[in-house]
Amino acid sequence: MRTGWRVLLVLLLPVWGSAAAHNGDLTIRPTCKPGFSEDDYTAFVSQNIMEGQKLLRVKFNNCAGNKGVRYETNSLDFKVRVDGTMYAAHHVQMPSKQLILMVTAWDPQILGRWEAIVRFLVTEKSQHSGHKPKGRKTVPGELAQQQSDTLLPWRQHQSANGLRRQKRDWVIPPINVPENSRGPFPQQLVRIRSDKDKEIHIRYSITGVGADQPPMEVFSIDPVSGRMYVTRPMDREERASYHLRAHAVDMNGNKVENPIDLYIYVIDMNDNRPEFINQVYNGSVDEGSKPGTYVMTVTANDADDSTTANGMVRYRIVTQTPQSPSQNMFTINSETGDIVTVAAGLDREKVQQYIVIVQATDMEGNLNYGLSNTATAIITVTDVNDNPPEFTTSTYSGEVPENRVEVVVANLTVMDRDQPHSPNWNAIYRIISGDPSGHFTIRTDPITNEGMVTVVKAVDYEMNRAFMLTVMVSNQAPLASGIQMSFQSTAGVTISVTDVNEAPYFPTNHKLIRLEEGVPTGTVLTTFSAVDPDRFMQQAVRYSKLSDPANWLNINATNGQITTAAVLDRESDYIKNNVYEATFLAADNGIPPASGTGTLQIYLIDINDNAPELLPKEAQICEKPNLNVINITAADADIDPNVGPFVFELPSVPSAVRKNWTITRLNGDYAQLSLRIMYLEAGVYDVPIIVTDSGNPPLYNTSVIKVKVCPCDENGDCTTIGAVAAAGLGTGAIIAILICIIILLTMVLLFVVWMKRREKERHTKQLLIDPEDDVRDNILKYDEEGGGEEDQDYDLSQLQQPETMDHVLNKTPGVRRVDERPIGAEPQYPVRPVIPHPGDIGDFINEGLRAADNDPTAPPYDSLLVFDYEGSGSTAGSVSSLNSSSSGDQDYDYLNDWGPRFKKLADMYGGGEED
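Note that the structure is predicted; figures quoted are calculated from it, not measured.

Points about the overall build of the chain
- Looking only at helices and strands, the chain features nine helices and 54 strands.
- When the 915 residues of the chain are sorted by exposure, 36% land in the buried category.
- Of all intrachain contacts in the chain linking residues separated by at least 6 positions in sequence, the fraction that spans at least 24 positions is 65%.
- For the chain, the exposed area adds up to about 54,800 Å²; of that, 52% sits on carbon and sulfur atoms.

Overview of the sheet that holds strand β34 (residues 440–444)
- Spatially, three strands are ordered β31-β35-β34 in an open sheet, and the strand pairing comes out antiparallel. Two strands lie at the open edges of the sheet, namely β31 (408–412) and β34, each paired on one side alone. Along the sheet, successive strands turn relative to each other by an average axial angle of 25 degrees, direction set aside.
- Direction of pairing for β34 relative to strand β35 (residues 451–455): antiparallel, over a ladder of five bridges. Opposite Ile-442, over in β35, you have Val-453 as the bridge partner.

Quick look at unusual backbone geometry
- At the junction of Pro-214 and Pro-215, the peptide bond is cis and its omega measures out at -5 degrees in the coordinates.
- If you trace the backbone, Pro-215 turns up in the loop between β15 (202–208) and β16 (219–221).
- At the junction of Ser-324 and Pro-325, the peptide bond is cis and its omega measures out at -5 degrees in the coordinates.
- Structurally, Pro-325 is set in the loop between β24 (314–321) and β25 (330–332).
- With a phi close to 55 degrees, Glu-217 is a non-glycine residue in the positive phi region.
- Here Glu-217 is to be found in the loop between β15 and β16.

Focus: the side chain of Gln-320
- With respect to the helices, strands and loops of the structure, Gln-320 is situated in strand β24.
- Exposure remark for Gln-320: the relative accessible area of 6% places this residue in the buried category.
- At 3.1 Å, the side chain of Gln-320 forms a polar contact with the backbone oxygen of Pro-322.
- Polar side-chain contacts of Gln-320 include one of 2.8 Å to the backbone oxygen of Ser-326.
- If we ignore the near neighbours within four places in the chain, the residues touching Gln-320 are Ser-326, Gln-327, Asn-328, Met-329, Phe-330, Tyr-354, Ile-355 and Val-356.

Examining the state of the cysteines
- Considering all chains together, one arrives at one disulfide under this definition.
- Between the sulfur of Cys-622 and that of Cys-712 lies a disulfide, 1.7 Å long from S to S. In this structure, the disulfide formed by Cys-622 and Cys-712 twists by about -105 degrees around the S-S bond and is classed as left-handed. Residue Cys-622 is found in strand β46 (residues 618–622), and its partner Cys-712 is found in the loop between β52 (700–710) and α5 (720–726); the two are separated by 90 residues along the sequence.

Here we look at the pairing of strand β26 (residues 338–341)
- Alternating positions in β26 separate cleanly, Ile-339 and Thr-341 being buried on one face and Asp-338 and Val-340 remaining unburied on the opposite face.
- Sheet analysis places β25 next to β26, joined by three bridges and oriented antiparallel. Each residue of the ladder has a partner; that of Ile-332, found in β26, is Ile-339.
- What sits between the antiparallel neighbours β25 and β26 is a turn of five residues, in which Gly-337 has the positive phi angle 80 degrees.

Brief notes about the confidence of the model for the chain
- On average, residues of the chain carry a pLDDT of 79, and 77% of them reach 70 or more.
- Predicted confidence for residues 6–30 stays below pLDDT 50, and this span has 50 contacts to residues more than four positions away or in other chains.
- Low confidence marks residues 125–169, where pLDDT is under 50. Its contacts with residues over four positions away, or in another chain, come to 45 contacts.

Concerning the sheet that holds strand β11 (residues 98–107)
- Pairing is mixed in the open sheet, where four strands are placed in the order β3-β12-β11-β7. Because the sheet does not close on itself, it has two edges, and the strands there are β3 (40–45) and β7 (70–73). Taking the axes of each pair of neighbouring strands and ignoring which way they run, one obtains an average angle of 25 degrees across the sheet.
- Judged from the four bridges that link them, β7 and β11 form a sheet pairing that is antiparallel. Each bridged residue has a counterpart across the sheet, and for Glu-72 the counterpart in β11 is Thr-104.

Focus: the environment of Ile-117
- Here Ile-117 lies in strand β12 (residues 112–122).
- Ile-117 sits 44 residues away from Thr-73 along the chain, and the two C-alpha atoms are 9.9 Å apart.
- Leaving out residues up to four positions away in the same chain, Ile-117 has contacts with Asp-39, Asp-40, Tyr-41, Ile-100, Leu-101, Met-102, Pro-173 and Pro-174.

Some remarks on the pattern of salt bridges
- This model, assessed by the stated rule, comprises 14 salt bridges.
- Taking the shortest distance from any N to any O, the salt bridge between Asp-197 and Arg-193 comes out at 2.8 Å.
- Overall, the relative accessible area of 28% leaves Asp-197 in the partly exposed class.
- For Arg-193, a relative accessible area of 11% gives the class buried.
- Two residues, Asp-548 and Lys-545, come together in a salt bridge whose shortest N-O distance is 3.1 Å.
- Taking relative accessible area as the criterion, Asp-548 reaches 14% and is therefore assigned buried.
- Judged by its relative accessible area of 31%, Lys-545 falls in the partly exposed class.

With respect to a nonpolar patch on the surface
- Side chains of Leu-744, Val-748, Phe-751, Val-752, Trp-754 and Met-755 sit close together on the surface and give an oily, nonpolar patch of about 600 Å² of accessible area.
- In this fold, Trp-754 is placed in helix α6 (residues 731–764).

Comments concerning the packing of aromatic side chains
- Enumeration over the complete set of coordinates arrives at 19 aromatic pairs.
- On the numbers, 6.3 Å between centres and 50 degrees between planes, the contact of Phe-276 with Tyr-315 is tilted. Of this pair, Phe-276 sits in strand β20 (residues 275–276) while Tyr-315 sits in strand β24, placing them 39 residues apart in sequence. Take Phe-276 and Tyr-315: they sit in the same class, and that class is buried.
- Look at Phe-440 and Phe-467: their rings are 5.1 Å apart centre to centre, the planes differ by 75 degrees, and that puts the pair in the edge-to-face class. Here Phe-467 lies in strand β36 (residues 466–475) and Phe-440 lies in strand β34, a separation of 27 residues in the sequence. Judged on exposure class, the residue Phe-440 and its partner Phe-467 are both buried.

Comments concerning the side chain of Glu-287
- Tracing the backbone shows Glu-287 in the loop between β21 (280–286) and β22 (294–297).
- Despite its burial, Glu-287 pairs with no opposite charge, the nearest such side chain being Arg-348 at 4.5 Å.
- Other than its neighbours up to four places away in sequence, Glu-287 contacts Leu-346, Asp-347, Arg-348, Glu-349, Val-381, Thr-382, Asp-383, Val-384, Asp-386 and Asp-418.

Points about the environment of Glu-618
- Tracing the backbone through its elements, the reader meets Glu-618 in strand β46.
- Here the alpha-carbon distance between Glu-618 and Val-704, two residues 86 residues apart in the chain, equals 8.8 Å.
- Excluding anything up to four places from it in sequence, Glu-618 contacts Ile-705 and Lys-706.

Structural notes on the environment of Val-103
- Locating Val-103 in the fold gives a position in strand β11.
- For Val-103 and Asp-40, which are 63 residues apart along the polypeptide, the C-alpha to C-alpha distance reads 10.0 Å.
- Non-local contacts of Val-103, meaning those with residues more than four positions away in its chain, are made with Phe-36, Tyr-71, Glu-72, Thr-73, Val-80, Met-86, Trp-114, Glu-115, Ala-116 and Val-118.

Cut-off values and rules
- Residues numbered from 1 in each chain as written.
- Predicted model: local features only at pLDDT ≥ 70, side-chain atom pairs only at ≥ 80, totals over all residues.
- Heavy atoms only, no water.
- Helix = DSSP H or I, 4+ residues; strand = E, 2+ residues; numbered from the N terminus.
- Buried < 20%, exposed > 50% of the residue type's maximum accessible area, 1.4 Å probe, protein only.
- Contact = heavy atoms within 4.5 Å.
- Areas by Shrake-Rupley, 256 points an atom, 1.4 Å probe, with all protein chains shown as cover.
- Pairing = 2+ DSSP bridges.
- Axes fitted to C-alpha atoms, helices over the stretch in contact; angles between N-to-C directions.
- Polar contact = N/O pair within 3.5 Å; in protein donor to acceptor, adjacent residues only side chain to side chain.
- Disulfide = S-S within 2.5 Å.
- pLDDT = per-residue confidence, 0-100.
- Salt bridge = Lys/Arg side-chain N within 4 Å of Asp/Glu carboxyl O.
- Patch = residues over 30% accessible without salt bridge, like charges linked within 9 Å, V, L, I, M, F, W, Y side chains within 5 Å.
- Phe/Tyr/Trp six-rings, centres within 6.5 Å; stacked < 30°, edge-to-face > 60°.
- Lys, Arg positive; Asp, Glu negative; His and termini not counted.

Shown next as structure tokens:
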């Protein structure tokens, strides 16, 4: 048999508090105290509860007739009606033998909340008589006593027959803990103990979030005494409630009692200020709006409990800038934060923007106890079209030359006090009278909003010398309701037209005339005259040709009369589709002169002035008749009816034509030419044929067709030999031509062989000097770095010692050949001055040239001459004779006589003693 828990509630003032701590600022009347009739309700229920089944009724009185009172539960399975009846929201299967709920009553009028506990106890089914224990009877009184023990499970006493009544588990009411408590900690909340602690040693523990689950060790329990503590200040905004389970075990860890549920609720304190979602809010309202017009909504959130005064935020407007035309142009709904207009007189042209400081305060707006915060609301007054555009003056004037378009005649200026560059400001201009033909339009300048009167259709001074326009201006957006157009929205525009010299024009352009081709020169065709539109100017018009491709026409410069300058030929290349086209110029003598052009089109009617021509000019036929024929036709440059049908016939002279040939007519355009005789020798024959057209009068032409007569094969085609024979060449002539071709090819071949042999002999000829040193029209190579083994192919014979040295020793001093080695001492070179005269170099070269020309040992061809040779035999000697002696008795002045090449040494050593 199970025993029950016993829970000792520690009455701590900071923990439990009074009813006022739960219900906020509740006014308690002396004769009535709002609240439930009981703090704890108990009801018996079955294991299965049907949907909508009534369970019990709680009683609540708010001392005001319970009007507007609402009920809530902490369970989704059960609900409470407005009369306090508690019922099942849906079918419920009871999870255990008892269920504890919390019912809350809320009065929105006085903003109070009250709570009560409801316990549902599950009734047990009655046992059948066959299952009763032996030796024991159940009497109705005992059943009544068992039901009494279920209602009061915490009581314990003996029954009349000495049996111990069954105890039920303790049910612990919710524990309320205020947040932000200052301690000291740990702070005791409640004490839990079991009735069995008198018999055995029991250890107590708690589990759940806040105990052994994060956040850890918020609550603790003394395992021996069962006292439960809170170890640190609570924060409702971090966590509003905790659900723990208390356990009781013996020293061996065996369960002594079933776990019980502990519900801990954190009581909210006003420790959070309202926070606006945005620090700056932007809104707008049309100017001229009526009072009560919605502007914008500001919202502030309070982290405290919104069901208590701690989290109930109220709004108010602190300041408004500017305070024009009233210091209270706007108001705010204290609960929703909606800002609306409260006064009339919003005018964007006076005040374009308002800055409103809004304050949000919790504790239902109590400035003494509540916490506050502020935000800025920027309200922009938007423009409406309440100002019609007005012209700055009533009349405007302008001037335009005639025949000009896209010219701005006048600028119309307007004034509009609405928002610039908005539809309420943008001007639209209309011409309402004075321009029936649509010569003008008015365009709006997007920058200045001015109206630009523009010519879109050319005006004529001779037709209208002036225009009187009436124009109206309006806005792109319609005027606001109740706003009328101004009298200054209409103005007059006077436009004067100035006369200019206009070009003459041809009334009929293009002008078409018809006549037969072949009219004689000087024939008058027509008068092509122009008209000068300047009726108020006395001007003369003169004519000239601008385009006359065939130069067939003349025009009278005064009256525009057109005459022929040549015979007009329809078959000319200048004619397109029987039409000849010429362009003429008409110019006046105005200032400045003006001219116009006109086109004259002449349609030429064909006459029979072209005889037909035979086609084809050449043909081929077999030497025997009846094998093939020649189809002939004719071409005529004229057109119908001066063309076919054609008549083809052979002339009577010479008589051989009609003897050898015959013509057969096929149709009006074609005929056949064939042999009349049985055989005609191969060759080329000129066959004359007379072709006559159908013109009136008809024209004829005798055309000659060259016919090649040749032997043919069985298919009627000329053979190759026959074609040659037909060309007029005999067999002997053909053989002679072939022999000539063979002789010509033989001569070309012999010439090529001779040229190659001569080239080979020229390359194999031995030269007296190395080809690298031969400068006769050869290609010179510079900066060549060597060619490997090719550089070893020297002609060593050129380096041999000559037999005698007389020709060398007797040679003119200073000159030697590049193709011989200097032997022996050569005479001293001619001495040149340090600063040479321009003539010295020329004399020196000429002297060497004469020596070379008179040299009997020179080769019979030009060779390279080297002057001032500094090698063996040079008068300069060897530089090795210069030593490094520092004796001062050495004279180096002779270096000055060696020329410019030794000038540096002469400067270095010659003036040593002087330095």
